[in-house]
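# A structural walkthrough
Single-letter residue listing:
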Amino acid sequence: KPMENRITDIGPRDYNEFYPPVIAKNKGKWSHHEILEPGVLVHVADSGDEVYTVRVGGARLMSTTHINEICEIADKHCDGHLRFTTRNNVEFMVDSKDKLEPLKNDLASRKFDGGSFKFPIGGTGAGITNIVHTQGWIHCHTPATDASGTVKASMDALFADFQDMRLPAHLRVSMACCLNMCGAVHCSDIAILGYHRKPPMLDHEYLDKVCEIPLAVSACPTAAIKPSKQTLADGTEVKSVSVKNERCMYCGNCYTMCPSIALADTEGDGIVLMAGGKVSNRISDPKFSKVVVGFLPNEMPRWPSMTAAITRMVEAYAKGANKYERLGDWAERIGWEKFFEACELEFTHHLIDDFRQQAYMSWRQSTQFKF
Ligand code: SF4
Ligand code: SF4
């Protein structure tokens, strides 16, 4: 509850204020829900009230013009209510069936000049919903790849499966532009991960002027950084740091603390693809994603090698998995060796992720890998 009924700028307003009336009335008293068609759901309350939801694809970065149009649609059809999902989809809700078709027709009629949908309906059930993702080049300081660009290129390639529900189960795609990973790449069916491959470059001239050296040293999780005196080209001796490159795992934590320890590198930076993770415990336990493509270069602006590999994984999964089987369940059932074959991905022993003891001591201990 808001303190003393004040409206403050400390945190968001209480969400209870924003429910559509039918949701406020039936809160906690729902009977069931079903997906009527891709992108359209009905929730039925114990009271018999119904809520029809139309889900449309959105983007994490939206122009004010686009947001105004979303609000205009919500005013016109939904008494001013709408919601955003964590995957940047927009959901328009109406409280009776007769309001559904006009809403769907209105959404489908709105197009960009080139003819593509502004508000594509879909993203439900056994298909592909929007990609949960991070900030990328436009906003964060440690990315090894872009978020908006890779996500747009991937969703363009996967768009038919956003509008359809032909897959064996739902397939979650996520994207994080560095391994600090404010995305969900550790537990997604398919994950795109930005990856640095070179240690940081040190700007000794400015380091001590813009950074606190103890902070930079303590930021490194592998203790690769230590204080060090350095001599500049003009012979001046300055306080700075040195990096033991063999210890560096290219995480970028040091750059978070000190902008004179830059990590971004055109040649070194790129993408890792992971697969088979999930959060759900349906059928099998939750799983971590495994690395299935060790490195792809940044191929701006459309990342064709990345989208081709992702499309191959989706098609092989659509063809080979049993109904309700998630991608990781399917890969485990047929064996990861066969997964690589079915998806036409190159396999190397570096991709075996079955460690039971320390690192490389144990990679041959498993009977699950037959390579
Ligand atoms: Fe920044 Fe890394 Fe998060 Fe990307 S994943 S936004 S680079 S912290
Ligand atoms: Fe340490 Fe990470 Fe910086 Fe490498 S990138 S020096 S591991 S903090």
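Treat the numbers as computed from the prediction; the structure is a model and nothing was measured.

A few words now on the pairing of strand S10 (residues 237–243). Counting buried positions along S10 gives 5 out of 7 residues, so the element sits mostly inside the fold. In this sheet, S10 lies alongside strand S9 (residues 225–231) in antiparallel orientation, the contact comprising 7 bridges. The partner of Gln230 across the bridge, within S10, is Val238. Linking two consecutive strands that pair antiparallel, namely S9 and S10, is a turn of 5 residues; a positive phi of about 90 degrees is found at Gly235 within it.

This paragraph deals with the site of ligand 2. In the region of ligand 2, the neighbouring residues are Cys220, Pro221, Thr222, Ile225, Cys248, Met249, Tyr250, Cys251, Gly252, Asn253 and Cys254. Here the shell around ligand 2 is built from residues that sort into 8 nonpolar, 3 polar and no charged.

Let us now look at the packing of aromatic side chains. The full count for this structure, using the stated rule, is 8 aromatic pairs. Geometrically, the ring pair formed by Trp137 and Trp303 is tilted, given 6.1 Å between the ring centres and 35 degrees between the ring planes. Residue Trp137 is located in the loop between helix H3 (100–109) and helix H4 (148–162), and its partner Trp303 is located in the loop between strand S13 (290–297) and helix H8 (304–320); the two are separated by 166 residues in the primary sequence. You can call Trp303 buried: its relative accessible area is 2%. When the ring of Phe339 is compared with that of Phe340, the centres are 5.8 Å apart and the planes differ by 90 degrees; the resulting orientation is edge-to-face.

In the vicinity of ligand 1 there are 9 residues, among which Gln135, Cys140, Cys177, Cys178 and Cys182 approach most closely. Residues that form the shell around ligand 1 fall into these classes: 6 nonpolar, 3 polar and no charged.

For the coordinates displayed, the defined rule picks out 21 salt bridges. With its nearest N and O atoms 2.7 Å apart, the salt bridge here joins Arg55 to Glu91. Remark: Glu91 occurs in strand S5 (residues 90–94) and Arg55 occurs in strand S3 (residues 50–56); sequence separation between them is 36 residues. For Arg55, a relative accessible area of 17% corresponds to the buried category.

Take the sheet that holds S13 next. Across the sheet, which stays open at both edges, the 4 strands sit in the order S6-S7-S12-S13 with mixed pairing between neighbours. A strand with exactly one partner marks an edge of an open sheet, and here the two such strands are strand S6 (173–176) and S13. For this sheet, the mean inter-axis angle between neighbouring strands, taken without regard to orientation, is 20 degrees. Bridge count for S6 against strand S7 (residues 190–195) is 4 bridges, and the pairing is parallel. Each bridged residue has a counterpart across the sheet, and for Met175 the counterpart in S7 is Ile192. The strands that H8 touches are S7, strand S12 (270–275) and S13; relative to S12, the one it contacts most, it runs at about 5 degrees.

Before going further, it helps to examine the side chain of Thr53. Checked against the element boundaries, Thr53 lands in strand S3. Those residues in contact with Thr53 that lie beyond four places of it in its chain are Gly39, Val40, Leu41, His43, Glu91, Phe92 and Met93.

Moving on to the nonpolar core. With 41 residues, the main nonpolar core has Leu171, Leu273, Val292, Met313, Phe339 and Leu345 as its most contacted residues. Listing elements by their share of this core, those giving two or more residues are H4, S6, S7, S12, S13, H8, helix H9 (327–334) and helix H10 (336–342). Looking at which element gives the most residues to this core, the answer is H8, with 7 residues. Formed by 18 residues, the second largest nonpolar core is a distinct cluster that contains Ile70, Ala74, Cys78 and Leu100.

Once that is clear, we can look at the sheet that holds strand S1 (residues 30–37). Strand order in the open sheet formed by 5 strands is S1-S2-S3-S5-S4, with antiparallel pairing between adjacent strands. This sheet does not close on itself; its edge strands, each paired only once, are S1 and strand S4 (83–84). Together, S1, strand S2 (40–45), S3 and S5 form the strand contacts of H3, whose direction differs from that of S3 by roughly 10 degrees.

Positionally, Ser240 belongs in strand S10. A relative accessible area of 1% means that Ser240 is categorised as buried. Here the side chain of Ser240 touches His204 through a polar contact of 2.7 Å, side chain to side chain. Filtering out sequence-adjacent residues up to four positions away, Ser240 remains in contact with His204, Leu207, Ile213, Pro227, Ser228 and Gln230.

Counting buried positions along S7 gives 5 out of 6 residues, so the element sits mostly inside the fold. Pairing of S7 with S12, which is carried by 6 bridges, proceeds in the antiparallel orientation. The residue of S12 that forms the bridge with Ile190 is Ala275.

Cut-off values and rules
Positions within a chain are numbered from 1, following the residues in the order the chain's sequence is written. As they are written, the chains are lettered A onward and the ligands numbered 1 onward, keeping that order. Whole-chain, interface and lining totals are the exception, using all residues; otherwise, since this is a predicted model, local features are given only for residues with pLDDT of at least 70 and side-chain atom pairs are given and counted only at 80 or more. As a convention, hydrogens and water are excluded, and side-chain values are obtained from all of the structure's heavy atoms. Only protein chains enter the accessibility calculation, which uses a 1.4 Å probe; a residue whose area is less than 20% of its type maximum is buried, one above 50% is exposed, and one in between is partly exposed. Elements are defined by DSSP. Helices are runs of H or I of four residues or more, strands are runs of E of two residues or more, and each kind is numbered from the N terminus. When DSSP locates at least two bridges between a pair of strands, those strands are taken to pair. By convention in these notes, a residue is near a molecule or strand provided one of its non-hydrogen atoms lies within 4 Å of it. Ten residue types, Ala, Val, Leu, Ile, Met, Phe, Trp, Tyr, Cys and Pro, are classed as nonpolar, four, Asp, Glu, Lys and Arg, as charged, and the remainder, Gly among them, as polar. When two rings of Phe, Tyr or Trp (its six-membered ring) have centres within 6.5 Å they constitute a pair, described as stacked for plane angles under 30 degrees, edge-to-face for angles over 60, and tilted for the intermediate range. Salt bridges are counted wherever a side-chain nitrogen of Lys or Arg sits within 4 Å of a carboxyl oxygen of Asp or Glu. Interaxial angles span 0 to 180 degrees and are taken between N-to-C directions of axes, which are lines fitted to C-alpha atoms, for helices over the stretch in contact. Between two residues, a contact is recorded if the distance between any of their heavy atoms is within 4.5 Å. Take the buried residues of types Ala, Val, Leu, Ile, Met, Phe, Trp, Tyr and Cys, join any two whose side-chain atoms come within 4.5 Å, and each joined set is a nonpolar core. Polar contact criterion, stated in full: a pair of N or O atoms within 3.5 Å, where within protein one must be able to donate a hydrogen and the other to accept it, and residues adjacent in sequence count only if both atoms are side-chain atoms.

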